[in-house]
Amino acid sequence: MKVYIPDDSSACAAGADRVASAFEKIKEVEIVRTSSRGAFFLEPLVEVDTPQGRAGYSNVPPSQVPVLLKKTPEPISQMSFFTKQTRFTFANAGVTEPMSIEQHGFKALNKARGMDPQKILDEMKKANLRGRGGAAFPAGIKWQTTKDTASDLKYVVANADEGDPGTYSDRMILEGDPYRLIEGMAICAHAVGAKKGFVYVRSEYPAGITKLRNAIAHATEAGILEEDFFELKVFVGAGAYICGEETALLESLEGKRGMVRPKPPFPAIQGLWQKPTVINNVVTFATVPDVILRGGDWHASLGTEKSKGTIPLQLAGQVKNAGLVEVPFGVTLEEVIWGYGGGMPKGAKFKAVQVGGPLGSIFPKSLLKTKICFDEFIKVGGILGHGGIVVYDDDTNMVNLSRHFMEFTAEESCGKCTPCRIGSTRAKEILEVILAGQGTKEDLALLDELGETMKLGSLCALGGLAPMPVQTAIQYFGNEFQRK
Amino acid sequence: MPDLAPILQECRSSQPNILATLQKIQEVFGYVPRDSVPEIAHALGVTDSDVAGVLSFYHDLRTEPPGRHVIRFCLGDSCLATHCEKSLAALEKKLGCKLGGTSKDKRFTIEKVYCLGNCALSPSLMVDHDVHGRFTSGNVMSLLKDYK
Ligand SMILES: Cc1cc2nc3c(=O)[nH]c(=O)nc-3n(C[C@H](O)[C@H](O)[C@H](O)COP(=O)(O)O)c2cc1C
Ligand code: SF4
Ligand code: FES
């Protein structure tokens, strides 16, 4: 009898490896290690085959293993966390074995190879797949620029720096479905005429790095990358948030300090070692195979007017059912946090939510009806970023949190622009004074002025958006910033 | 001082990568001795300041030997939301060293990290390559017992 146990690093943090070891002692059982479905609040989630498809036992402690299979499992198709989701990019999550080439199939790559490169770009443009790394630029237009730029060498680079705290969708692809990323990159290479590619992975993801390296080796051995003479390598980051910004990433890939480059020239024209370079987020690349298989029109039929397709949202912080929720754009924050996330954990009271990582605004309860799509978020003064949703409870001190955001910026600034490099430190100092209960009206005014200076005088979005969470915290929770 | 010659031999090329070279050195020796900057620069055909600049830029790169195990304690948004700071305080107290420091017995170095991608199970920390989550200030020490 087959027993499916995830080998995702979060599932293992919840005890999946220990559960697997316990199963090794049972003779009749064949253990299959799969990816995780991303319902981390249910991990370790152990599954078996039933006439109704896969069914699971959730939160299995190793001690339960000897008697587990005598109990009745719950069909996955009936679990409410999954039934309302629309899974395409994460269709394989929890289903397949990450290292199995046969289960992956590379169907989209085979199809793309039979297509004229321009036709691929036309489908991508029709799909209106906007980048999932944060800036939301249409991938098809970026690819076209690189294709149209004449050069002896072109590169395809995947941004797997996933720096925004509160996000883990890239990690799930790296560990759980690495062939999907490889396939998306290979399709891009075929379309734009690139022969070399890199995946820049943050060092915080050792399991993802190992799996991706193995997957590239298997795919190369199987001759899958050979046809286009596409050579793919992994480059490991070194713990710098700014290296998620595309030009800093390229500098880092060249082995230098991760300093942001001014744009233009855009990487699509002059990128890695000054050559035309397509750089996209992991989830963006991982969505490409579906666009090729199902067509651009299919992708454009999902979502809202200007935000097409699905978005893998990542629930984190103070939420009962934390995990990955892939849905078409257009659901509200409230639906996601309560409908999928099950609301607040026992004993915790909602205070605020932050979408889009440490550069995202702090939203109070009154903004929970906001629809999740790029334009609605801009309208209410926020960003979607990489789709991370962090919920804060009543015990959160907004001044302390604001201080943390400025400390983060001060530590992670590349240092090129004075307002970002120095302003963040000064802002942190002001917030320390306020935290001590000594803040004056003048301090708050100065903090605001500093924020405006950072917004106007910063080359990239780190300095440009870092004031947002602080300013919105003051806007919505101003009483906490008063002198005590 | 560690003998860097074999690694530097391997990393020499027409397009040397300073960061990858320093990562390689750290992988083998656990840190990059500051005094070795001129030797590295000479081997790669770049200036001392090129190497020193990269060495000081990246949080991962250390210039002091770490303890036997490295704890990377997450202070990312999701872990803050789950009040990880209490557990950090407990950990620092028990180990007798602050974030960035090494315990007296050289068993652990605690470093700060912003997110381990384990946010659904916050708070999180990583010991060497193992991710741990869902701990409290009361039980965080018990995660460390198997790391001798
Ligand atoms: C400070 C900063 C950090 C960023 N971090 C990331 C990151 O970790 N991952 C990512 O994919 N994009 C990140 N980006 C966005 C990239 O610059 C770039 O827009 C993206 O990689 C392009 O791919 P996409 O169009 O597929 O999103 C960051 C941008 C900024 C300004
Ligand atoms: S805003 Fe900050 S991180 Fe961005 S380029 Fe300027 S100094 Fe560097
Ligand atoms: S914020 Fe701590 S693991 Fe992501």
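Residues numbered from 1 in each chain as written. Chains lettered and ligands numbered in written order. Predicted model: local features only at pLDDT ≥ 70, side-chain atom pairs only at ≥ 80, totals over all residues. Heavy atoms only, no water.

### Some details on the interface of chain A and chain B
On the chain B side, the residues contacting the 61 residues of chain A number 40 residues. At the boundary of chain A with chain B, total buried surface from both sides reaches about 3,500 Å², with 54% on carbon and sulfur atoms. Inspection of the region where chain A meets chain B yields two salt bridges. The partner of Glu411(A) in a salt bridge is Lys112(B), with the nearest N and O atoms 2.8 Å apart. Taken together, the links from chain A to chain B amount to 24 residue pairs in polar contact (both at pLDDT 80 or more). Among the elements of the structure, α1 (9-13), β8 (231-236), α12 (246-253), β10 (310-317), β14 (388-393) and α17 (398-412) of chain A are those that each provide at least two residues to the side of chain A that touches chain B. No other element matches the eight residues that α17(A) contributes to the side of chain A that touches chain B. The residue makeup of the side of chain A that touches chain B, split by class, is 28 nonpolar, 20 polar and 13 charged. (Contact = heavy atoms within 4.5 Å. Buried area = accessible area lost by both parts, 1.4 Å probe. Salt bridge = Lys/Arg side-chain N within 4 Å of Asp/Glu carboxyl O. Polar contact = N/O pair within 3.5 Å; in protein donor to acceptor, adjacent residues only side chain to side chain. Helix = DSSP H or I, 4+ residues; strand = E, 2+ residues; numbered from the N terminus. Nonpolar A, V, L, I, M, F, W, Y, C, P; charged D, E, K, R; others polar.)

### Notes on the sheet that holds strand β7 (residues 196-201) of chain A
Residue and element names in this part refer to chain A. Overall, parallel pairing links the four strands, which are arranged β8-β7-β6-β9 in an open sheet. Two strands lie at the open edges of the sheet, namely β8 and β9 (277-281), each paired on one side alone. Geometrically, the sheet is characterised by an average inter-axis angle of 20° between neighbouring strands, direction not taken into account. For strand β6 (residues 155-160) and β7, the ladder comprises six bridges, and the chain directions are parallel. Bridging across to β7, Val157 finds its partner in Phe198. (Pairing = 2+ DSSP bridges. Axes fitted to C-alpha atoms, helices over the stretch in contact; angles between N-to-C directions.)

### Side note on the pairing of strand β3 (residues 124-127) of chain B
Residue and element names in this part refer to chain B. Judged by which residues are buried, β3 turns out to be covered on both faces: Ser124 and Met126 on one side and Leu125 and Val127 on the other are all buried. Pairing of strand β1 (residues 69-74) with β3 involves three bridges; the strand directions are antiparallel. What sits directly across from Ile71, in β3, is Val127. (Buried < 20%, exposed > 50% of the residue type's maximum accessible area, 1.4 Å probe, protein only.)

### With respect to the sheet that holds β1(B)
All names here are of chain B. Overall, mixed pairing links the four strands, which are arranged β2-β1-β3-β4 in an open sheet. The open sheet is flanked by β2 (108-113) and β4 (130-133), the only strands paired with a single partner. Neighbour-to-neighbour, the strand axes of this sheet turn through a mean angle of 25°, independent of strand direction. Together, β1, β2 and β3 form the strand contacts of helix α6 (residues 84-95), whose direction differs from that of β1 by roughly 155°.

### Some thoughts on the nonpolar core
Residue and element names in this part refer to chain A. Formed by 187 residues in total, the largest nonpolar core has its most connected members in Trp143, Leu181, Leu333, Val353, Ile372 and Ile389. In contact with Trp143, not counting residues within four places along its chain, are Leu121, Met124, Gly184, Cys188, Ala191, Val192, Val278, Asn280, Phe285 and Val288. Ranked by size, the runner-up nonpolar core spans 17 residues in total, among them Val19, Ala20, Phe23 and Val29. (Core = buried A, V, L, I, M, F, W, Y, C linked by side-chain atoms within 4.5 Å.)

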